[in-house]
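Single-letter residue listing:
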Amino acid sequence: MSADRLQKLLALADPQDQDELTMAHGAMVSTLAAHGAAPSTASVANKNAAREDYEATLARLEAKYCPSEQQDPGGERFPSRKQALNWLNAQGYKVSQGKFYQDCKDGFPVVHRDGTVSRYQVMQYGQQLDISSRSIPQFDQSARREDLEIRKLEADVLAAESKARKEDTRWMLKEDAWSSVAALLSGLQDSLRHHLHEGQGLVVHLAGGKPDREPEVYEAMVDLVGKAFNELAASRIEGLFSESVETQGEDLDE
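Residues numbered from 1 in each chain as written. Predicted model: local features only at pLDDT ≥ 70, side-chain atom pairs only at ≥ 80, totals over all residues. Heavy atoms only, no water.

Okay, the overall build of the protein next. Summing up its helical and strand segments, the protein has nine helices and two strands in all. For the protein, the α and β elements follow one another from N to C terminus as α-α-α-β-α-α-β-α-α-α-α. Of all 254 residues assigned to the protein, the portion counted as buried reaches 26%. Just so you have it, the protein exposes about 17200 Å², and 55% of that area is on carbon and sulfur atoms. (Helix = DSSP H or I, 4+ residues; strand = E, 2+ residues; numbered from the N terminus. Buried < 20%, exposed > 50% of the residue type's maximum accessible area, 1.4 Å probe, protein only. Areas by Shrake-Rupley, 256 points an atom, 1.4 Å probe, with all protein chains shown as cover.)

Look at helix α2 (residues 15-37): 33 Å from first C-alpha to last across 23 residues, which is about the 33 Å you get at 1.5 Å a residue. For α2, the complete set of buried residues consists of Asp17, Leu21, Ala24, Ala27, Met28, Thr31 and His35. (Expected span 1.5 Å × (residues − 1).)

Moving on, we come to the nonpolar core. Generally speaking, nonpolar side chains in soluble globular proteins are found buried as a group. Core analysis: the largest hydrophobic core is formed by 16 residues, its most contacted members being Ala84, Trp87, Leu88, Val95, Phe100, Val122 and Tyr125. Within the residue set of this core, elements represented by two or more residues are α4 (81-90), α5 (97-105) and α6 (119-128). Of the residues forming this core, the biggest block, four residues, is contributed by α4. Among all residues touching tryptophan 87, those that are not within four sequence positions of it are Glu52, Phe78, Arg119, Val122 and Met123. With eleven residues, the next largest nonpolar core counts Leu9, Leu21, Met28 and Tyr54 among its residues. (Core = buried A, V, L, I, M, F, W, Y, C linked by side-chain atoms within 4.5 Å. Contact = heavy atoms within 4.5 Å.)

Okay, the packing of aromatic side chains next. Inspection of every chain in the model, using the stated rule, returns four aromatic pairs. Arranged with centres 5.4 Å apart and planes meeting at 70°, the rings of phenylalanine 100 and tyrosine 125 form a pair that is edge-to-face. Taken together, the residues phenylalanine 100 in helix α5 and tyrosine 125 in helix α6 connect sequence positions 25 residues apart. Relative accessible area serves as the criterion here: at 0%, phenylalanine 100 is assigned to the buried category. Overall, tyrosine 125 belongs to the buried group, its relative accessible area being 5%. Put simply, the rings of Phe100, Tyr101, Phe108 and Tyr125 touch in pairs and so form one group of aromatic residues. For the cation-ring pair, arginine 81 lies above tyrosine 101, with the distance from its terminal atom to the ring centre recorded as 3.8 Å. (Phe/Tyr/Trp six-rings, centres within 6.5 Å; stacked < 30°, edge-to-face > 60°. Lys NZ or Arg CZ within 6 Å of the ring centre and 35° of its normal.)

Okay, structure coming up:
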C-alpha cells in the first residue's frame, strides 16, 4: 500500500528527500480534496498530475533507499514509445521525442518486439535524467485566482461601505437641520423676552421716563422683537447648511 511505502521511506530518507516526499503527498491529497469539493476538467487534470508525481517520487526514492526490493511491478508496459514519452512529459521531465527514441534505440528503455515499453524502465529512465531536465508539474491556478479576485472585490466593497458610514456622520437630514434651527430660534426668543422683562426698569431709567410706564415699554420691546422673529420665520435661509464649492462641492438642500 502507498501509505506503508510512504511511512517506510520517511523513516529511511534524509531530510531533503523527506520534505520532497511530504510535499508530493500533500499535493496529491489537496488536489484530491479540491476535486471532491468542485469537480471539473481542471480538477481532474490537477488530481492526476499530483498523483502521478507522488507515485514517481515514491518509486525514485525507493530505488534510492530500497534498491534490493525493486522489481518490475507486474511486468506493466506502455503500449508504445509515444505513450511512454507522454507519461514522462506528464511527470515534468523535459525530454524531447528525438532523444527518448534514440535512447530506446540504444537499448534503454528496452522496446519489446510488440512495441511495448516497460513502465518500470521508463520510471528508472526518468529518475536518471539530470535534475535540470525536470520541471515541476504546473497545476491549474484559475480557481485560486478567481477566489482571490472575489475576496479583493469583497474587501473593496467593505472599505467603500466603511468610508460611506464615516461620511454620514458629517451630515444630517435637511428636515432635522431646520428643526434644530427652529428650536434654537424659539429658545432665543424666550431668552430675549426674559431679559427684556428683567431689564425694563433699567431701560426706562436710562431713558429718563416714568417708572409706572415700564410694562408698556416692555410690551413695546417684546412686540418689536416679535416682528423681527416673524420676518425671520417668513424668509428662506438659502445655503445655511452648504459648504463652499472649493471645500466640498455638495449642498444639503440638493
